[in-house]
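A look at the structure
The lines below spell out each chain.
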Amino acid sequence: MIYAVAGASGQLGRLVLPELVAKVGAANVVALVRNPAKLAEMAASGVSVQAFDYDMADPAALGGVGRLLLISANEVGKRSAQHQAVIDAAKAAGVGLIAYTSILHAPTSTIGLAGEHRDTEVALAASGVPHILLRNGWYNENYTGALGPSIEHGAIIGAAGAGRICSASRADIAAAAVAALTGGAAGDIHELAGDEAFTMAEFAAHVARIAGKPVAYVDMSQADYAAALEGVGLPGWLAAMLANSSFASSQDALFDDSRTLSRLIGRPTTPIADTIAAALA
Ligand SMILES: NC(=O)c1ccc[n+]([C@@H]2O[C@H](COP(=O)([O-])OP(=O)(O)OC[C@H]3O[C@@H](n4cnc5c(N)ncnc54)[C@H](OP(=O)(O)O)[C@@H]3O)[C@@H](O)[C@H]2O)c1
């Protein structure tokens, strides 16, 4: 069985590849990337690294692939068409199963970003290609990428209210993708979220404790949060997207207590405090 990973050069893909290789052997892994030079080290370790662009998805690159992990692309607004193109190519190539990285509770999610994931889930169903849905919640790392200025100002801002957030580390999500790709069955749908829930006030308390400095969560309206993000230099579309997601989380859009993720990976998910500590180390 040949396992292919599309989007392999991204942050998630780079965590998936070594786990997949450890499980099925480098000779059975194909890494699909826009720029093969980005994964030269994986090629050196025996993985087949092939050029593959979602915008020009070529079925020839998928020849002989039994199971494909389709990691969702990152250009918001283009992804429905890009994913459709990959699904069409996989179908033409006779790929046996696609595992797709969707979003938590995709059919009902109030997060704006969910639309393209819903489109892709519909495209998968229409394609007739057997598939698995990996409905990923937020990565812990989404919250820890820019802690420096927050600690400096003593404030973490957002529009998340007292919403409960069940994020997990990117490595947890990668492990789940490998488990589902190698051991899952067509039709599986996994709602993948962290074991523990935290509010943004609790998140700020963790940051304060670990940094040893006063840090509080400051809640604001979605519009004010978007304006604040634009004020620190984010482009308007990105500020609006982040504010939308934050506000949706105030309504528990990122909450899930099924513990599907920890069951799938056979260990507890990474606590947010551990990811904060790693980011501040
Ligand atoms: N759950 C979450 O919290 C969360 C957060 C952010 C994003 N996401 C979603 O999850 C995906 C994986 O996360 P990540 O952290 O690995 O994101 P990432 O680091 O931005 O990786 C995205 C990957 O998509 C590839 N890609 C984009 N457009 C492509 C195209 N036209 N053809 C081929 N490959 C293309 C990129 O290739 P290059 O290396 O060539 O650029 C990269 O490998 C993201 O793309 C996004 O859809 C989820």
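The structure presented is a predicted model; accordingly, all values stated were derived computationally and were not measured.

**Focus on the overall build of the chain**
- For the chain, the helix and strand inventory stands at eleven helices and nine strands.
- For 281 residues, the compact-globule estimate of 2.2 N^0.38 gives 19 Å, and the chain sits close to it at 19 Å.
- Its C-alpha atoms give the chain principal-axis dimensions of about 55 × 35 × 35 Å.
- In the chain, buried positions account for 50% of the 281 residues.
- Taking contacts inside the chain between residues at least 6 apart in sequence as the whole, the part at least 24 apart equals 77%.

**Some remarks on helix H7 (residues 200–211)**
- For H7, which comprises twelve residues, the first-to-last C-alpha distance of 16 Å matches the rise-based estimate of 16 Å (1.5 Å per residue) to within 8%.
- Buried positions along H7 lie against helix H5 (147–153), strand S7 (155–158), strand S9 (216–219) and helix H11 (272–280).
- Gly-212 sits one or two residues past H7 and shows a positive phi near 70°.

**Regarding the site of the ligand**
- In the vicinity of the ligand there are 22 residues, among which Ser-9, Leu-12, Ser-72, Ala-73 and Asn-142 approach most closely.
- At 2.8 Å from an oxygen atom of the ligand is found a main-chain nitrogen or oxygen belonging to Gly-10.
- Within the backbone of Leu-12, a nitrogen or oxygen atom sits 2.7 Å from an oxygen atom of the ligand.
- Protein chains shield 85% of the accessible area of the ligand, which is 880 Å² for the free molecule.

**Considerations on the side chain of Thr-260**
- Position of Thr-260 among the secondary structure elements: in helix H10 (residues 260–265).
- A distance of 2.7 Å separates a polar atom in the side chain of Thr-260 from a polar atom in the side chain of Ser-258.
- Look past the residues within four positions of Thr-260 in its chain and what remains in contact with it is His-190, Glu-191 and Leu-192.

**As for the packing of aromatic side chains**
- Evaluated as defined, the whole model comprises four aromatic pairs.
- Note on Tyr-143 and Phe-198: the rings are 5.8 Å apart at their centroids and 85° apart in plane angle, and the pair reads as edge-to-face. Separated by 55 residues along the polypeptide, Tyr-143 in the loop between strand S6 (131–136) and H5 and Phe-198 in the loop between strand S8 (189–192) and H7 bring together distant segments of the chain. Exposure class is identical for Tyr-143 and Phe-198. Each is buried.
- Lying over the aromatic face of Phe-255, Arg-164 brings its terminal NZ or CZ to 3.8 Å of the ring centre.

**Topic: the sheet that holds strand S3 (residues 48–51)**
- As summarised here, the arrangement of the seven strands in space is S3-S2-S1-S4-S5-S6-S8, forming an open sheet in which the pairing is parallel. If you trace the sheet from one side to the other, it starts and ends with S3 and S8, each paired once. Strand after strand, the sheet turns through a mean of 20° between neighbouring axes, direction not considered.
- The pairing of strand S1 (residues 3–6) with strand S2 (residues 29–33) spans four bridges and is classified as parallel. Bridged to Ala-6 within S2 is Leu-32.
- The strands that helix H3 (residues 79–93) touches are strand S4 (67–70) and strand S5 (97–103); relative to S4, the one it contacts most, it runs at about 175°.
- Seen against the sheet, helix H4 (residues 114–127) touches S5 and S6 and runs at an angle of roughly 160° to S5.

**Quick word on the nonpolar core**
- Judged by nonpolar contacts, the single largest core of 59 residues is most densely connected at Leu-32, Phe-52, Leu-68, Leu-69 and Ile-98.
- With eight residues, helix H6 (residues 170–183) is the single largest residue contributor to this core.
- Mapped onto the domain boundaries, this core takes at least three residues apiece from domain 1 (3–136) and domain 2 (138–169 + 192–256 + 267–281).
- Filtering out sequence-adjacent residues up to four positions away, Leu-68 remains in contact with Ala-4, Ala-6, Leu-32, Leu-62, Val-86, Ala-90, Val-95, Leu-97, Ile-98, Ala-99 and Leu-181.
- Judged by nonpolar contacts, the second largest core, of 26 residues, contains Ile-103, Ala-160, Phe-203 and Val-207.

**Let's talk about the domain arrangement of the chain**
- Per the domain assignment, the segments making up the chain are domain 1 (3–136) and domain 2 (138–169 + 192–256 + 267–281).
- For domain 1 and domain 2, the distance between their C-alpha centroids amounts to 28 Å.
- Across the contact, twelve residues belong to domain 1 and 13 residues belong to domain 2.
- Summing both partners gives a buried area of about 1100 Å² for domain 1 against domain 2, and 63% of it is carried by carbon and sulfur.
- Joining domain 1 to domain 2, the criterion identifies zero salt bridges.
- Here domain 1 and domain 2 share three residue pairs in polar contact (both at pLDDT 80 or more) between them.
- With three residues, S6 is the largest single contributor of residues to the side of domain 1 that touches domain 2.
- Taken together, the residues of the side of domain 1 that touches domain 2 break down into seven nonpolar, four polar and one charged.

Cut-off values and rules
- Residues numbered from 1 in each chain as written.
- Predicted model: local features only at pLDDT ≥ 70, side-chain atom pairs only at ≥ 80, totals over all residues.
- Heavy atoms only, no water.
- Helix = DSSP H or I, 4+ residues; strand = E, 2+ residues; numbered from the N terminus.
- Rg over C-alpha atoms; globule rule 2.2 N^0.38 Å.
- Buried < 20%, exposed > 50% of the residue type's maximum accessible area, 1.4 Å probe, protein only.
- Contact = heavy atoms within 4.5 Å.
- Expected span 1.5 Å × (residues − 1).
- Near = heavy atom within 4 Å.
- Polar contact = N/O pair within 3.5 Å; in protein donor to acceptor, adjacent residues only side chain to side chain.
- Areas by Shrake-Rupley, 256 points an atom, 1.4 Å probe, with all protein chains shown as cover.
- Phe/Tyr/Trp six-rings, centres within 6.5 Å; stacked < 30°, edge-to-face > 60°.
- Lys NZ or Arg CZ within 6 Å of the ring centre and 35° of its normal.
- Pairing = 2+ DSSP bridges.
- Axes fitted to C-alpha atoms, helices over the stretch in contact; angles between N-to-C directions.
- Core = buried A, V, L, I, M, F, W, Y, C linked by side-chain atoms within 4.5 Å.
- Domains from an automatic or database assignment.
- Buried area = accessible area lost by both parts, 1.4 Å probe.
- Salt bridge = Lys/Arg side-chain N within 4 Å of Asp/Glu carboxyl O.
- Nonpolar A, V, L, I, M, F, W, Y, C, P; charged D, E, K, R; others polar.

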